[in-house]
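One-letter residues, chain by chain:
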Amino acid sequence: MSGIYQLALFDASPGTVLVVDDDAQVRGLLVALLRPRGYQVETAASAEEAQERLKTLRPDVLLLDLHLPGKSGQDVLAHLRADPVTRLLPIIMITGGATGEERLRAMAEGVTDFVAKPFAAEELLARLKSLVQMKRFTDALEHAEHVIVALARAIDARDPYTARHSERVSTYAGRLGAATGLTGLDLEAVRRGGLFHDIGKIAIRDAVLLKPARLTPEEFAEIRRHPVVGRELLSGMKTLAFALDVVYGHHERLDGSGYPDGVAGESIPLTARVTTIADIYDALTTARVYRAALTRAEALTIMGEEARRGWWDPRLLDVFRGVLEGIPEDVARVPNDI
Ligand SMILES: [Fe+2]
């Protein structure tokens, strides 16, 4: 087990539980059951109060009554699942006389578990314990991903000319991916993959990475290894597996003249081709040691010529021209979509 996982799992406290129920008696019962066992218990009597509490409270588990006055438990559930911060929060729905249909709807909305009133205390405690543990695992994974992103930012910052490069690539690639019709994990792959596509540059020496003069063949070989190193670095993380194609393939060219494998055409995953367009565009429109930043029109002209030469996917480049109309040309103003 890695240090990061140990760190997050080291928290030995039973956990924090938010109880959302309009019935004061039920709230009191749960508090009386959980507090003596070491849980930190907070309560809310309505959906609105729960949403207010969740602005500051980060519970490990939410116990949510299905039938609330005003906004229902279903509404709270849908709201929480749409918010990236609470997307993975374990939610146990407390059901009194729930119909089969209501339970099915809750499952479709992403409820984690159900408990029926009246509670069997031992059963509820057992479920809570395992869900808190699950929450700590997902927190640890999320934490690990934040470390990777922080590392990618640090790599950009090694070279003052590439500061915030990865964030912009993520934004451009995400917008282009969506416009191309990518959805789900593929869209997530270009957004997340854009962020850490150059993570393998960690293995390139400053003397090479920041060299203001022409690279020797050996130095260029060192640069060309960064997609391979990047994939090696991330391949141990199952949660990032979906983005490895982007990391590995973002320097391939359509005609097979790219690296690391020199694969051509549709053998290059679409997610990688999308990210390449974003990467090249950002490199051209930001200043480098050896040249000033190009304007959008200049960059698109060069990329158009390179697409005709067979390097980039011309169809994607056409879509990208349209996408850019919705993004400011000044790189300092490119929105951060992360
Ligand atoms: Fe790269």
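Residues numbered from 1 in each chain as written. Predicted model: local features only at pLDDT ≥ 70, side-chain atom pairs only at ≥ 80, totals over all residues.

### Points about helix α4 (residues 73-82)
Residues separated by three or four positions in an α-helix point in the same direction, a consequence of the helix having 3.6 residues per turn. All of the buried residues in α4 are Gly 73, Gln 74, Val 76, Leu 77 and Leu 80. Summarising the axial view, the buried residues of α4 lie within an arc of 160 degrees, below the 170-degree limit, and thus occupy one face. Looking at the buried side of α4, the elements it contacts are β1 (16-20), α3 (47-53), β3 (61-65), β4 (91-95) and α5 (100-109). (Buried ≥ 20, exposed ≤ 12 C-beta atoms within 10 Å, placed from the backbone. Helix = DSSP H or I, 4+ residues; strand = E, 2+ residues; numbered from the N terminus. Arc of directions from axis to C-beta. Contact = placed C-beta atoms within 7 Å.)

### Focus on the domain arrangement of the protein chain
In terms of domains, the protein chain is made up of domain 1 (3-139) and domain 2 (159-333). Here the C-alpha centre of domain 2 lies 42 Å away from the C-alpha centre of domain 1. (Domains from an automatic or database assignment.)

### So, the pairing of β1
With four of its five residues buried, β1 lies for the most part within the structure. As paired elements, β1 and strand β2 (residues 40-44) share five bridges and run parallel to each other. Across the sheet, Thr 16 pairs through a bridge with Gln 40, a residue of β2. For the handedness criterion, the β-α-β arrangement of β1, helix α2 (residues 24-34) and β2 is classed as right-handed. Summarising the sheet, β1 and β3 pair through four bridges and their orientation is parallel. Counted as the bridge partner of Val 17 is Val 61 from β3. (Pairing = 2+ DSSP bridges. Right-handed = clockwise from strand over helix to strand, strands pointing away.)

### A closer look at unusual backbone geometry
Residue Pro 118 is reached from Lys 117 by a cis peptide bond, and omega for that bond is -5 degrees. The peptide bond linking Tyr 259 to Pro 260 adopts the cis configuration, its omega dihedral lying at 10 degrees. Position of Pro 260 relative to the elements: it lies in the loop between α12 (244-249) and α13 (270-284).

### Quick notes on the environment of Asp 159
Considering the arrangement of structural elements, one finds Asp 159 in the loop between α6 (121-158) and α7 (165-180). For Asp 159, a count of 15 C-beta atoms within 10 Å corresponds to the partly exposed category. Between the C-alpha atoms of Asp 159 and Arg 288, which are 129 residues apart in sequence, the distance is 9.6 Å. In this structure, Asp 159 is in contact with Leu 209 and Leu 210, ignoring residues within four places of it in sequence.

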